[in-house]
Amino acid sequence: MKTGIDVRDRAFTLLNYTDQNGKLDHTLYADVSARSLALINQIYAELWYALCPCGFAELPSLSDEIALPERVLNDCMAFGVAMLMAQTIGDADNQSRMTDLYNQKRAALSHLCRRKDVLPREV
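Reading the values: rules and limits
- Residues numbered from 1 in each chain as written.
- Predicted model: local features only at pLDDT ≥ 70, side-chain atom pairs only at ≥ 80, totals over all residues.
- Heavy atoms only, no water.
- Salt bridge = Lys/Arg side-chain N within 4 Å of Asp/Glu carboxyl O.
- Helix = DSSP H or I, 4+ residues; strand = E, 2+ residues; numbered from the N terminus.
- Buried < 20%, exposed > 50% of the residue type's maximum accessible area, 1.4 Å probe, protein only.
- Contact = heavy atoms within 4.5 Å.
- Phe/Tyr/Trp six-rings, centres within 6.5 Å; stacked < 30°, edge-to-face > 60°.
- Arc of directions from axis to C-beta.

Caption draft 1: Layout of the pattern of salt bridges. Scanning all chains against the criterion turns up three salt bridges. Arg-106 serves as the salt-bridge partner of Glu-46, at 2.1 Å between the closest nitrogen and oxygen. Of this pair, Glu-46 sits in helix 2 (residues 30–51) while Arg-106 sits in helix 4 (residues 92–109), and the two are 60 residues apart along the sequence. The shortest N-O distance in the salt bridge between Asp-75 and Lys-105 comes to 3.0 Å. Here Lys-105 lies in helix 4 and Asp-75 lies in helix 3 (residues 70–89), a separation of 30 residues in the sequence. Its relative accessible area of 23% is what places Lys-105 among the partly exposed residues.

See below:
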């Protein structure tokens, strides 16, 4: 996943918002599909500021690439977008499930991989 379109489609798939054949059909949820850029930008900003305190620039269109690390895009962002999509539709079951998953994945991003050794040593 690299673009807003990829994130939107993955979020629809996670929510199982598909047609009877299991394929994405944006006409079934046209209102959410139309608002998906705003929803993606909301999660994009939250994840951006969680990773770095510097300035944030919104995604201008869904076809543009998202400037976040691959792990964040593939493992976290789609769950946050799916959470907001379910909230927009009023799908409480999916919203609750996606909220739990998003919070778990987002919390994993804030943990450091290394610890600094601060124990005193002999000179």
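Caption draft 2: Looking closely at the environment of Ser-36. With respect to the helices and strands, the residue Ser-36 is situated in helix 2. The residues contacting Ser-36, other than those within four sequence positions of it, are Arg-8, Leu-62 and Met-85.

Caption draft 3: Spotlight on the side chain of Thr-3. Following the sequence through the fold, Thr-3 ends up in the segment before helix 1 (4–14). Once residues lying within four places of it in the same chain are set aside, the contact partners of Thr-3 are Leu-62, Ser-63, Asp-64, Glu-65 and Ile-66.

Caption draft 4: Quick peek at the packing of aromatic side chains. Using the criterion set out here, one finds seven aromatic pairs in the structure. Relative to Phe-56, the ring of Tyr-49 lies with its centre 6.0 Å away and its plane at 55°, an arrangement referred to as tilted. An aromatic cluster is present here, built from Tyr-44, Trp-48, Tyr-49 and Phe-56 joined pairwise through their rings.

Caption draft 5: Region of interest: helix 1. Residues Gly-4, Val-7, Arg-8, Ala-11 and Phe-12 constitute the buried set of helix 1. Buried residues of helix 1 fall within an arc of 135° about the axis and therefore sit on the same side. For helix 1, the elements touching its buried residues are helix 2 and helix 3. Remark: Asn-16 follows helix 1 within two positions and exhibits a positive phi of approximately 65°.

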